[in-house]
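Chain residues, written in single-letter form:
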Amino acid sequence: MKNKLIASVEAMFKTEKEMPAFRSGDTVRVYFRIVEGNKERIQAYEGLVMKIHRNATNSTFTVRKMVGDIGVERTFPYCSPRIDKVELIRSGKVRQARLFYMRDLRGKAARIKERRKGL
């Protein structure tokens, strides 16, 4: 069982935000608050969900996007107050939970089929 102190601290940071149901292989757009000096702005980060780590308030998801020929991966915590919203752009049809093989693929080989709703 968890320590009561740890559970109370985790309860303080848990936020009940509207998050769409997404999984590995989906393309999402994450609106993330960036603080630069004393200014704050929202930046969109769109890419493929590579993996999801579920662990109550410590849950994270990793998004990979291509910038030119370079792949950039970023891990976002689910319960972060810095995440403004998450939009589901496209649902992908994959058979694995962790898509690390996508790191080696380029161009057309890196395409993922779309998952149809209701089929």
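Residues numbered from 1 in each chain as written. Predicted model: local features only at pLDDT ≥ 70, side-chain atom pairs only at ≥ 80, totals over all residues. Heavy atoms only, no water.

Participant: Would you explain the nonpolar core in this entry?
Facilitator: Generally speaking, a soluble globular protein has its nonpolar side chains buried in company with each other. Within the largest apolar cluster, 15 residues are counted, with the highest numbers of intra-cluster contacts made by Phe22, Val30, Phe61 and Phe76. Residues within four places of Val30 in sequence aside, it is in contact with Gln43, Ala44, Tyr45, Phe61, Val63, Phe76, Ile83, Lys85 and Val86. Within the second largest apolar cluster, five residues are counted, among which are Met50, Leu99, Met102 and Ile112. (Core = buried A, V, L, I, M, F, W, Y, C linked by side-chain atoms within 4.5 Å. Buried < 20%, exposed > 50% of the residue type's maximum accessible area, 1.4 Å probe, protein only. Contact = heavy atoms within 4.5 Å.)

Participant: Is there a simple way to explain the packing of aromatic side chains in this structure?
Facilitator: The way to describe two aromatic rings as a pair is by their centre distance and the angle between their planes. Across all of its chains, the model carries six aromatic pairs by this definition. Geometrically, the ring pair formed by Tyr45 and Phe76 is edge-to-face, given 5.6 Å between the ring centres and 70 degrees between the ring planes. With a gap of 31 residues between them, Tyr45 in strand β2 (residues 39-53) and Phe76 in strand β4 (residues 70-77) connect regions that are remote in the sequence. Like Phe76, Tyr45 is buried. (Phe/Tyr/Trp six-rings, centres within 6.5 Å; stacked < 30°, edge-to-face > 60°. Helix = DSSP H or I, 4+ residues; strand = E, 2+ residues; numbered from the N terminus.)

Participant: Teacher, can you tell me more about the sheet that holds strand β3 (residues 60-67) here?
Facilitator: As a general point, the strands of a sheet are linked pairwise by backbone hydrogen bonds and lie either parallel or antiparallel. The strand order across the open sheet built from five strands is β4-β3-β2-β1-β5, with neighbouring strands paired in antiparallel fashion. Here the strands that pair on one side only, and so sit at the sheet edges, are β4 and β5 (83-90). Strand-to-strand, the axes of this sheet are offset by a mean angle of 40 degrees, without reference to chain direction. For strand β1 (residues 27-36) and β5, the ladder comprises six bridges, and the chain directions are antiparallel. Note that in β5 the partner of Val30 across the bridge is Val86. (Pairing = 2+ DSSP bridges. Axes fitted to C-alpha atoms, helices over the stretch in contact; angles between N-to-C directions.)

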